[in-house]
Amino acid sequence: QECSKKQKNDDTQSTSVDALSSNDGFEEKNEFHTLANAKILLSDCLACDNCMTSEEGARVFQQNQKELFRILNLNKKCDTSKHKVLAVSICPQSLPYFAAKFNLSVNDAAKRLCGFLKSLGVHYVFDTTIAADFSILESQREFVQRYQRRNQEEHALPMFASACPGWIRYAERVLTNLVTSHICTAKSPQQIMGSLVKGYFARQQNLSPDKIFHVIVAPCYDKKLEALREDFYTALYNSQEVDCVLTSGEIVQIMEQKNVSMKDVTEVAVDSLFDEIKEGDVVRHDGKRSDGYLEHIFKHAAKELFGVDVKEITYKALKNKDFQEVTLEKDGETVLRFAAAYGFRNIQNMVLKLKKGKFLYHFVEVLACPGGCLNGKGQAQTEDGKPDKALLNQMEEVYAAIPVRLPETNVHVQKMYQDWLEGMDSKKVQETLHTKYSAVNQTASNLDIKW
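In this text the structure is predicted, and so the values were computed from the model without any measurement. (Residues numbered from 1 in each chain as written. Predicted model: local features only at pLDDT ≥ 70, side-chain atom pairs only at ≥ 80, totals over all residues. Heavy atoms only, no water.)

(A) Quick look at helix α13 (residues 389-401). Look at α13: 18 Å from first C-alpha to last across 13 residues, which is about the 18 Å you get at 1.5 Å a residue. Taken as a whole, α13 has its buried residues at L391, L392, M395 and Y399. Considered in projection along α13, the buried side chains sweep an arc of 95° and stay on one side of the axis. Those residues of α13 that are exposed and angled more than 90 degrees off the buried face are K389, A390, E397 and A401. If you follow the buried residues of α13, they end up packed against α4 (95-101). (Helix = DSSP H or I, 4+ residues; strand = E, 2+ residues; numbered from the N terminus. Expected span 1.5 Å × (residues − 1). Buried < 20%, exposed > 50% of the residue type's maximum accessible area, 1.4 Å probe, protein only. Arc of directions from axis to C-beta. Contact = heavy atoms within 4.5 Å.)

Right under this line is the structure:
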């Protein structure tokens, strides 16, 4: 069985997308109309087209600029009962793209991007770093618990990271029960941000969640699929945690069609979830190309389980630069063995080892994109769809220069655990910050795919 992502079926896919767009019905002309025609092809998505239903395809297509403009235009009408509070949350891996592309510092890029979005009519612009804080802290705790139960539970270890929707999609639809029980249950930063905006922030503003239209700006198209998951929908309010995902590249398309340069935009401080406070300088987590799950969990586990303070992590590249391992030795014995596996070829090799019972790792940070999140297909791509290596190198330099802040040191996070989530071990933490991953269907020869 050949992986469909290796096939170049752009003509067929373009036709199917055009067919979807032609069914939109009557479309009112407005000032945003000319900006609403930018399209994406499902071939741009990392998830395999063979495991996407036609309904999912239609809903993914609806997550483009047109949906943002529909809400913006709705808010310009006089009927205030239909108005939405428009909130946009920006992923940390998107900011280096804007900084490198427009030759700005990452702090200037964040403020100018905020200024541009607010000039369109967006009410709030947030940074999702706080959501990654929660996700990392919950992943750390879960790994320690799994490690302590490893001799009692067959599927306690290894633990796989759950932040990458391309990997999750592949695991649930293709690998099924072989790996789903090993996936960390902590939600990704995107979906925790959805909970923060539609839960905590909505309550602070005395708003019903369905009155907020929440947009995520992300590096990859798979985030659109993640936003559609049924477990991220609240039936009581008929509301998704994330209503629309736009890639960094789609935001640039809006700028280009409005003939706006980032350098001409007024700087506006990024909003905070907490009253009138504004965000300060941009910060990031450990990890050069991702949210740093491996480094944070490794250091936390070393301290909690073995009393070892790890200051610097040494990566050992194995078959390629996208498959690296980190180990902790104590008294001559390797007590922790972690790996970072980026890209589907490395994921496939990892899964084959797991199937054969030759898997030595306790934790693996799995990302679908070679090179990690900065190399998402929603940014750093040339016009012919190939990686823009020069731009990607700049982005990596920008990202590496951002100061690191440990999630444990975020005072807002600690306060929210107590005031909003009713303690770190509460039922509300499980309901708000965790989810379940399970097999969707069985594929006869799912481990025989050629990558």
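(B) Representation of the sheet that holds strand β4 (residues 212-218) in the model. Read across the sheet, four strands follow the order β2-β1-β4-β7 without closing on themselves; strand pairing throughout is parallel. Two strands bound the open sheet, and with one partner strand each, they are β2 (124-127) and β7 (244-247). Averaged over all pairs of adjacent strands, the angle between strand axes in this sheet comes to 25°, irrespective of strand direction. With four bridges joining them, strand β1 (residues 85-90) and β2 adopt parallel strand pairing. Paired with A87 across the bridge in β2 is Y124. In this fold helix α3 (residues 65-76) packs onto β1, β4 and β7, with an angle of close to 145° to the strand it touches most, β1. (Pairing = 2+ DSSP bridges. Axes fitted to C-alpha atoms, helices over the stretch in contact; angles between N-to-C directions.)

(C) Layout of the packing of aromatic side chains. By the definition in use, this model includes 18 aromatic pairs. With a centroid separation of 4.9 Å and an interplanar angle of 75°, the aromatic rings of Y124 and F201 are classed as edge-to-face. Of this pair, Y124 sits in strand β2 while F201 is found in helix α8 (residues 189-204), placing the two residues 77 residues apart along the sequence. Given a relative accessible area of 23%, Y124 falls into the partly exposed group. (Phe/Tyr/Trp six-rings, centres within 6.5 Å; stacked < 30°, edge-to-face > 60°.)

(D) Up close: the environment of T234. On the secondary structure map, T234 appears in strand β5 (residues 233-234). C-alpha of T234 to C-alpha of K198: the two residues are 36 residues apart in sequence and 9.8 Å apart in space.

(E) Inspection of helix α10 (residues 248-257) at higher detail. Most of α10 is tucked away: seven of the 10 residues are buried. S248, G249, E250, I251, V252, I254 and M255 are the residues of α10 that are buried. Of the surrounding elements, those touching the buried residues of α10 are α3, α4, α5 (106-120), β4, α9 (222-227) and β7. Backbone geometry just downstream of α10 places N259 in the positive-phi region, at approximately 60°.

(F) Focus on the pattern of salt bridges. Applying the stated criterion across every chain, the model contains 18 salt bridges. Linking E67 and R70 is a salt bridge whose minimum nitrogen-to-oxygen distance equals 2.8 Å. Taken as a pair, E67 and R70 lie in helix α3 at a separation of three residues, close to a single helical turn. For K303, the salt bridge is made with D309, and the minimal N-O distance between the two is 3.3 Å. Put simply, E138, R141 and D425 are held in one network by salt bridges that share partners. (Salt bridge = Lys/Arg side-chain N within 4 Å of Asp/Glu carboxyl O.)

(G) Up close: the nonpolar core. F143, F160, W167, L336, M350, F363 and V364 are the most contacted members of the largest nonpolar core, which has 51 residues in total. Every element with two or more residues in this core is listed here: α6 (129-148), β3 (159-160), α7 (165-175), α11 (293-306), β9 (323-330), β10 (333-342), α12 (344-355) and β11 (363-367). If we ignore the near neighbours within four places in the chain, the residues touching F363 are F143, M159, F160, A161, Y293, L294, I297, R337, F338 and A339. In this structure, L113, L117, L120 and V125 belong to the second largest nonpolar core, which totals 44 residues. (Core = buried A, V, L, I, M, F, W, Y, C linked by side-chain atoms within 4.5 Å.)

(H) Representation of unusual backbone geometry within the structure. Residues L157 and P158 are joined by a peptide bond in cis, for which omega reads 0°. As for its position among the elements, P158 is in the loop between α6 and β3. Phi at N103 is positive, roughly 55°, even though this residue is not glycine. Judged by relative accessible area, N103 falls into the exposed class, the value being 62%.

None of this, on its own, says anything about what the molecule does.
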